[in-house]
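Architecture and fold: a report
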Amino acid sequence: MRSWRVLMAVVGWLAMWTTCIAAEVAEVRFEKHVRPILKAHCFHCHGEEPNPEGKLDVRLVRWLLKGGESGPAVVPGKVEESLIWKRVAAGEMPPGGKGISDKEKAVLRTWIEQGAKTTRTEPETIIPGADWTDEERAYWAFQPVKRAPLPQVKNVDQVDSPIDAFLLEALEQKGLALAPPADKLTLVRRLSFTMTGLPPTPELIARFAGDNSTEAYSRLVDEVLSSPAYGERWARHWLDPVGYADSDGYTENDRERPWAYRYRDYVIRALNGDKPFDQFLVEQLAGDELLPPPYQNLGSEDADRLTATGFLRMAPDGTGEGGVDQNVARNDVIAETIKIVSTSVLGVTVGCAQCHAHRYDPISQADYYRIRSIFEPSLDWKNWRNPPARLVNMWTPAEHEQAAKVDGELRDIEGKRVAELDGIVKEVFEKEVGKLTDERQTLARAAREASADKRTPEQVQILKDHPSLNVDRGSVYLYEPARLNDFNKKYEKINAETRAKRPADSFVACLTEVPGQKPPTHLFYRGDINQPREVIVPGDLSILPEPATIPDDDPAVPTTGRRLAFAKHLTNGRHPLVARVIVNRVWMNLFGRGLVPSAGDFGMLGDRPTHAALLDWLADEFVKSGWQLKTLQRLIVTSTAFRQQSAVDSNRLAVDPENLLLGRMNVRRLEAEAIRDSMLEVSGARTLTMFGAPSKVNPDDVGQVVIGQATRDGNGILVAKFEDTPEQYRRGIYVQVRRSMPLATLEPFDLATLAPNCERRTSSTVAPQALLMMNNDMILRFSERFAQRVLAEAGDAPDAQVRRAWLLAYGREASTAEVASGTAFVTDQQAHFQKLADAQPKDAKPAPNAVPPLPPQQQALALLCQALLSSNRFLYVD
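Residues numbered from 1 in each chain as written. Predicted model: local features only at pLDDT ≥ 70, side-chain atom pairs only at ≥ 80, totals over all residues. Heavy atoms only, no water.

Okay, the overall build of the protein next. Broken down by element type, the protein carries 33 helices and ten strands. C-alpha atoms of the protein, sized along the principal axes, occupy 120 × 80 × 65 Å. Considering only intrachain contacts with a sequence separation of at least 6, the fraction spanning at least 24 residues in the protein is 70%. Counting every atom, the protein has about 40,600 Å² of accessible surface; 54% of that belongs to carbon and sulfur. On the protein, the mean spot of the 108 positive side-chain charges and the mean spot of the 119 negative ones are 1 Å from each other. (Helix = DSSP H or I, 4+ residues; strand = E, 2+ residues; numbered from the N terminus. Contact = heavy atoms within 4.5 Å. Areas by Shrake-Rupley, 256 points an atom, 1.4 Å probe, with all protein chains shown as cover. Lys, Arg positive; Asp, Glu negative; His and termini not counted. Charge placed at Lys NZ, Arg CZ, Asp CG, Glu CD.)

Turning our eyes to something else, we now look at the nonpolar core. Residues Trp238, Tyr263, Phe311 and Trp587 are the most contacted members of the largest nonpolar core, which totals 129 residues. Here this core gets nine residues from one element, more than from any other, and that element is helix 22 (residues 578-591). Each residue touching Tyr263, except ones within four places of it in the same chain, is listed here: Trp238, Leu239, Val242, Tyr244, Gln284, Thr307, Ala308, Gly310, Phe311 and Met314. If you look at the next biggest cluster of nonpolar residues, it comprises 47 residues, including Leu772, Ile779, Ala805 and Ala860. (Core = buried A, V, L, I, M, F, W, Y, C linked by side-chain atoms within 4.5 Å. Buried < 20%, exposed > 50% of the residue type's maximum accessible area, 1.4 Å probe, protein only.)

For Glu793, the position within the fold is in helix 29 (residues 777-794). Spatially, the C-alpha atoms of Glu793 and Arg804 are 7.7 Å apart, while their sequence positions differ by eleven residues. Ignoring sequence-local partners within four residues, the contact set of Glu793 consists of Arg804 and Leu808. A polar atom in the side chain of Glu793 sits 2.7 Å from the side chain of Arg804. (Polar contact = N/O pair within 3.5 Å; in protein donor to acceptor, adjacent residues only side chain to side chain.)

Closest axis-to-axis distance for the helix 17 (residues 397-433)/helix 20 (residues 481-499) pair is 10 Å, and the angle between their directions is 170°. Taken together, the axis directions place helix 17 and helix 20 in an arrangement best described as roughly antiparallel. Note on element contacts: helix 20 touches helix 17 through Arg483, Leu484, Phe487, Lys490, Tyr491, Ile494, Asn495, Thr498 and Arg499, opposite Val406, Glu409, Leu410, Ile413, Lys416, Arg417, Glu420, Leu421, Ile424 and Glu427. Here the residues of the contact of helix 17 with helix 20 sort into nine nonpolar, two polar and eight charged. (Axes fitted to C-alpha atoms, helices over the stretch in contact; angles between N-to-C directions. Parallel < 35°, antiparallel > 145°, perpendicular 65-115°, else oblique. Nonpolar A, V, L, I, M, F, W, Y, C, P; charged D, E, K, R; others polar.)

In terms of burial, helix 2 (residues 30-41) is largely enclosed, as ten of its twelve residues are buried. Those residues of helix 2 lying buried are Phe30, Glu31, His33, Val34, Arg35, Ile37, Leu38, Lys39, Ala40 and His41. On its buried side, helix 2 packs onto helix 3 (61-66), helix 4 (83-89), helix 5 (102-113) and helix 6 (134-137).

A separate point is the pattern of salt bridges. Applying the stated rule across the entire model yields 67 salt bridges. The residue Arg87 makes a salt bridge to Glu92 at a minimum N-O spacing of 2.7 Å. The salt bridge involving Arg417 is made with Glu414; its shortest N-O contact spans 3.0 Å. Taken together, the residues span about one helical turn, with Arg417 and Glu414 both in helix 17 at a distance of three residues. Judged by relative accessible area, which is 21%, Arg417 ranks as partly exposed. (Salt bridge = Lys/Arg side-chain N within 4 Å of Asp/Glu carboxyl O.)

For the rest of this paragraph, the subject is the packing of aromatic side chains. Taken as a whole and judged by the stated rule, the model has 25 aromatic pairs. Centroid distance Phe30 to Trp111: 5.6 Å. Interplanar angle 40°. Geometry classified as tilted. Linking Phe30 in helix 2 with Trp111 in helix 5, this pair joins segments that are 81 residues apart in sequence. Their ring planes at 55° and their centres at 6.4 Å tell us that Phe208 and Tyr217 sit as a pair that is tilted. Assigned by exposure class, Phe208 and Tyr217 land together as buried. (Phe/Tyr/Trp six-rings, centres within 6.5 Å; stacked < 30°, edge-to-face > 60°.)

Its twelve residues give helix 7 (residues 162-173) an end-to-end C-alpha distance of 17 Å, which sits within 8% of 16 Å, the value for a rise of 1.5 Å per residue. A positive phi of about 75° marks Gly175, the residue just after helix 7. (Expected span 1.5 Å × (residues − 1).)

Mapped onto the secondary structure, Lys630 falls in helix 24 (residues 629-637). Buried and unpaired, Lys630 has Asp274 as its nearest opposite-charge partner, separated by 5.8 Å. A polar side-chain atom of Lys630 sits 3.0 Å from the main-chain carbonyl oxygen of Asn272. Apart from the residues lying within four places of it in its own chain, the contact partners of Lys630 are Leu225, Tyr230, Leu271, Asn272 and Asp274.

At a minimum axis distance of 10 Å, the contact between helix 2 and helix 5 shows a crossing angle of 130°. Looking at the two axes, helix 2 sits oblique to helix 5. Seen from above, helix 2 lies across helix 5 with left-handed handedness. Residues Phe30, His33, Val34, Ile37 and His41 of helix 2 pack against Glu104, Val107, Leu108 and Trp111 of helix 5. Grouping the constituent residues of the contact of helix 2 with helix 5 by class yields six nonpolar, two polar and one charged. (Left-handed = near helix turned anticlockwise from the far one by under 90°.)

Let us look at the confidence of the model for the protein. In low-pLDDT segments, the atomic positions of the prediction should not be examined closely. Averaged over all residues, the pLDDT of the protein equals 93, while 97% of them reach at least 70. Low pLDDT, under 50, characterises residues 1-23; the stretch is placed with 17 contacts to residues that sit more than four places away or in other chains. (pLDDT = per-residue confidence, 0-100.)

Pro94 follows Met93 through a cis peptide bond whose omega is -10°. Backbone geometry places Asn659, a non-glycine residue, at a positive phi of 60°. Structurally, the position occupied by Asn659 is in the loop between helix 26 (650-655) and strand 5 (668-669). The class for Asn659 is buried, based on a relative accessible area of 2%.

Another aspect to go through is the side chain of Asp317. Within the element layout of this structure, Asp317 appears in the loop between helix 14 (300-308) and helix 15 (326-346). Apart from the residues within four sequence positions on either side, Asp317 is in contact with Asp248, Gly249, Tyr250, Arg257, Val333 and Pro387.

Counted under the stated rule, the structure contains zero disulfides. No disulfide involves Cys352; its sulfur sits 9.9 Å from the nearest other cysteine sulfur, which is in Cys355. Judged by its relative accessible area of 42%, Cys352 is partly exposed. (Disulfide = S-S within 2.5 Å.)

On the secondary structure map, Arg207 appears in helix 9 (residues 202-209). For Arg207, a relative accessible area of 45% puts it in the partly exposed group. Once the C-alpha coordinates of Arg207 and Phe166 are considered, the two residues, 41 residues apart in sequence, prove to be 33 Å apart.

Attention shifts here to the environment of Leu379. Looking at the secondary structure, you find Leu379 in the loop between helix 16 (365-375) and strand 1 (391-393). Spatially, the C-alpha atoms of Leu379 and Gln441 are 66 Å apart, while their sequence positions differ by 62 residues. If we ignore the near neighbours within four places in the chain, the residues touching Leu379 are Ile334, Thr337, Trp384, Arg390 and Leu511.

Here it is as structure tokens:
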């Protein structure tokens with residue numbers, strides 16, 4: 001009885017939902033409303049398989065009406081007689097506890113009640129892997145980019161850019177406009193952090209604040225775009241979706257990738273040089289196919305093209321490890337590479353179609369394997385090359401010649417060493433033989449000259465009776481240790497002056513194909529590599545209006561040319577996804593949220609564009625402007641929208657609480673690397689060296705990951721200790737990215753998650769962030785270095801110290817009240833530390849290895865500096 005009441009309650013509740021849905025959607029149709037639900041939950045068992053379960057195929061309405069072994073699945077107008085409804089309402093379908101949502105149930109019920117109608121006549125048959133409906137083909141992301149005319153708006157005085165007109169169109173419909181412009185000090189700080197990831201210098205602030213010309217802001221934009229720090233900042237934005245790491249991941253060993261940094265350096269150089277983004281993408285997808293194998297004696301431009309393919313070597317890779325199923329590991333590399341390419345460049349989750357058709361987007365399993373076929377010749381799992389085997393030597397011809405010369409010298413030295421060592425062995429043997437009688441000396445010498453298998457019994461016995469006669473190269477040091485010690489030192493020294501002349505190793509981790517090797521790509525049934533089905537030829541997503549034609553083997557290219565053809569197709573200016581995805585990422589990193597907030601997923605489960613016409617206008621403008629990233633960024637940052645205030649008023653908050661319409665600037669917390677970089681900058685500690693191998697990270701004696709080389713402790717465990725070297729103070733872009741070892745000073749501030757890549761970072765506010773800023777050793781060191789800088793630049797007067805610290809940390813002068821409170825704090829703390837120092841016994845001895853305390857004045861100032869670095873005003877940009 002109780003279960004009956006529960007069932008009636010559920011039915012009644014669903015009836016209420018049905019009423020609500022009916023109000024929202026006047027007519028429910030199969031193609032638009034019901035098919036997406038069945039595709040997500042039912043197609044994989046009742047449609048996509050060759051033999052549908054229960055002989056029920058739910059992909060067409062007429063097949064639902066026909067039904068399967070249990071009879072018709074749908075009876076139009078009769079919900080309670082429809083078998084599909086009974087199973088869904090009872091929670092029996094889909095099986096496995098993954099039920100359909102209440103809203104989806106309401107849609108299904110309403111559709112049946114309204115007669116199970118379709119929008120159009122259904123096709124006679126379904127083409128496997130391309131059964132897309134008109135609704136799917138009409139989805140916004142798969143439509144060609146269309147440049148809309150500029151909207152006519154009321155607040156024309158706020159239009160400094162076409163961008164402003166598009167934003168104002170939506171704002172004015174809600175009775176809003178753009179916010180007033182931000183003041184100069186806010187603007188210079190915003191622009192500096194956004195474009196370089198560093199706070200503005202006092203000199204830059206003073207120069208911009210004192211420039212009252214109409215070109216002042218334009219000059220400021222040009223200055224930050226030309227800064228070397230620009231490439232470092234925007235490289236980080238690209239390396240996130242690429243999944244850049246200096247280690248392989250996959251297993252607990254997390255083996256290092258010693259040459260991955262060359263790809264990072266390529267990205268920085270390309271962005272600083274404003275390399276056209278279409279060329280940037282082509283080089284990363286197929287730079288090797290722009291060059292003739294075997295990739296020797298490359299000039300700098302060709303070396304960059306080869307290095308760029310490191311983009312395709314960023315996936316976690318366990319193929320160099322033991323103890324893993326190599327076939328699985330190899331196919332995982334391919335799968336993760338496809339995920340990285342598809343989310344970073346195409347903005348769709350192609351990887352979701354590896355085992356079956358995508359549950360939400362019009363991406364078939366065949367589509368997935370068409371894209372896999374593009375990369376299969378370079379990632380041939382049947383003829384795999386593990387990571388070391390993929391390295392290409394970057395020596396110049398002169399360096400090759402020098403290395404060969406040095407190797408010859410080393411061989412000669414080794415020959416001399418062995419000959420001299422044999423002479424010492426012979427001398428020692430003669431000394432030992434001299435201890436015997438003349439007769440036995442003759443026998444001993446004969447025994448030594450004979451090979452072991454041809455010695456007479458007498459010879460064997462004499463060597464057994466006199467073990468000291470068995471001296472050889474390995475044991476001679478036991479007879480004359482001092483002489484052998486000097487001998488070894490001599491040759492070690494000779495080998496070291498000689499090895500020093502050999503060029504340092506220089507490799508690039510890249511992706512290449514073996515000419516003539518063209519493996520077939522099979523569709524794996526349910527993604528199982530042990531169940532290959534039909535051969536799939538290379539191609540693009542079939543839903544696109546102009547799918548790519550990818551050659552199976554391009555005769556004009558020494559390798560297959562598949563990746564090169566694909567890259568050129570993506571950058572032909574007509575692809576509906578690529579330019580939209582790139583400009584959306586740029587917008588996201590300028591405003592804190594993309595015009596499509598789900599930057600790596602433009603599909604059905606992703607967010608819809610908040611300003612679709614603006615996104616298309618920017619995409620079209622980007623392509624027409626030669627794919628120049630800096631041109632696009634200059635266009636955006638000179639808009640009224642970027643230069644507006646971030647202040648919130650009650651009216652804007654009520655109408656647009658999430659600021660989706662961008663009627664004000666978003667306040668954003670700095671990313672993890674930018675927080676550390678900013679502390680390095682204001683403290684004057686930042687190492688300016690660009691490029692090169694990363695600063696290594698390792699766990700310290702308490703398990704925190706720090707910057708430093710590791711040595712083994714008494715228990716044989718690798719432990720790193722703080723070393724005050726330039727490596728300690730490099731920008732975050734140059735700190736080693738170990739998948740298993742995130743740097744302790746960065747981890748709490750939402751580092752990029754590399755599984756396999758980071759489509760969009762989160763921004764959280766949690767207690768560990770505050771605890772780190774209070775207690776972390778490196779934060780304390782940054783504060784002390786900050787205090788040292790302030791003392792050097794402001795002198796001993798506390799009020800001058802406060803003013804200088806304020807300007808360095810916040811980019812603006814401290815108010816009278818702030819100077820007064822800061823001065824009082826420093827004065828009080830200095831007195832406190834002086835009192836502690838005076839209380840110490842004069843003859844007290846410091847503990848072993850103890851760091852001597854700073855002078856009271858500097859301790860007090862360091863506390864103020866730490867408070868400034870920990871404040872929201874420092875950590876956030878408005």
